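# Residue-level structure breakdown
Each chain is listed here by its residues.
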Amino acid sequence: ALQAKLPRICKRLQAAAYTKGGINWEKTFQRHDKSNDGSLQLHEFRTAVRKELKLTPADLVDSDLSMLFRLIDTNRSGAIDVDELLAFVDKHASADAASGGMGLHSDVLDRMRNRLRMADREQGGVDWERVFGTYDRFGAGGLPLAEFRCVLRRGVGL
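An account of the accompanying structure is given in this report.

Rules of the game
- The residue numbers shown here count from 1 along each chain, following its written sequence.
- Given that the model is predicted, a residue must reach a pLDDT of at least 70 before its local features are reported, and side-chain atom pairs must reach 80 or more before they are shown or counted; all residues, however, enter totals for whole chains, interfaces and linings.
- The basis for every side-chain value is the complete set of non-hydrogen atoms in the structure, without hydrogens or water.
- The salt bridge criterion pairs a side-chain nitrogen of Lys or Arg with a carboxyl oxygen of Asp or Glu, the two atoms within 4 Å.
- Numbering of helices and strands runs from the N terminus; a helix is a DSSP stretch of H or I covering at least four residues, while a strand is a stretch of E covering at least two.
- Partly exposed describes any residue whose relative accessible area lies between the buried limit of under 20% and the exposed limit of over 50%, with all areas from a 1.4 Å probe on protein chains only and scaled to the type maximum.
- Under this rule, positive means Lys or Arg and negative means Asp or Glu; His and the chain ends count for nothing.
- Polar contact is defined as a pair of N or O atoms within 3.5 Å, subject to the rule that within protein one atom must be able to donate a hydrogen and the other to accept it, and that residues adjacent in sequence are counted only when both atoms are side-chain atoms.
- Note on contacts: a residue pair is in contact if any heavy atoms of the two residues lie within 4.5 Å.

## Overview of the pattern of salt bridges
Counted under the stated rule, the structure contains four salt bridges. In this structure, E52 engages R31 in a salt bridge whose closest nitrogen and oxygen atoms are separated by 2.9 Å. Of this pair, E52 sits in helix α3 (residues 42-52) while R31 sits in helix α2 (residues 25-32), and the two are 21 residues apart along the sequence. For E52, a relative accessible area of 26% gives the class partly exposed. When its relative accessible area of 34% is taken as the criterion, R31 is described as partly exposed. The closest approach of N and O atoms between D62 and R46, which form a salt bridge, is 3.8 Å.

## Thoughts on the side chain of E84
Tracing the sequence through the fold places E84 in helix α5 (residues 82-98). Of the side chains with opposite charge, R76 comes closest to the buried, unpaired E84, at an N-O distance of 7.0 Å. For E84, the side chain forms a polar contact with the main-chain nitrogen of T74, separated by 3.1 Å. For E84, the side chain forms a polar contact with the main-chain nitrogen of N75, separated by 3.1 Å. Residues in contact with E84, not counting those within four places in the same chain, are I72, D73, T74, N75 and A79.

So this is what it looks like as C-alpha cells:
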C-alpha cells in the first residue's frame, strides 16, 4: 500500500521545495527542523508530512508514515538528514519518470511527442525556451503538470 503512494509523496515533496528562486531543499528542510540539529526526528517529519505535504491520516496512516520515515532513514540513525531525503526523492522520482511519470503509457507519450513536433513544424519553429519560460512561474527550469498543460494548450495550441 505504501509503495503505491511513493510517487505521489515524492511529487508533494518536490512541490514543497519550490521557492521563488527555484528548488531549495535546505530551506524547506530547515523550516521543519525545530530542534535545529540538521535532521528531522519522527515527530518533526510527521508534522512536515501533515502540514507541508497536506497528507492527512486518511491519505497516509500513521503506521505507513512511520514506515516511510524508516525507509528514508537509510543510515538507521533515527533521524532523517537532507541527503537522505534527497536520495529518497531522486530514487522514487526517477523510478516514476522511467515508467512514464504520471502513469502515462509509452503510446500516449509517443503521441504527445509527435504532436509537439508537428506543432513545431506547422508554426515554422517554436521558441520552446521562450514558451516554457513564460509559464515557468517559479523560475525553476521545470513545470508542474498544470503549467505544462497551459504550455500545451495556450502556448503551443494543442
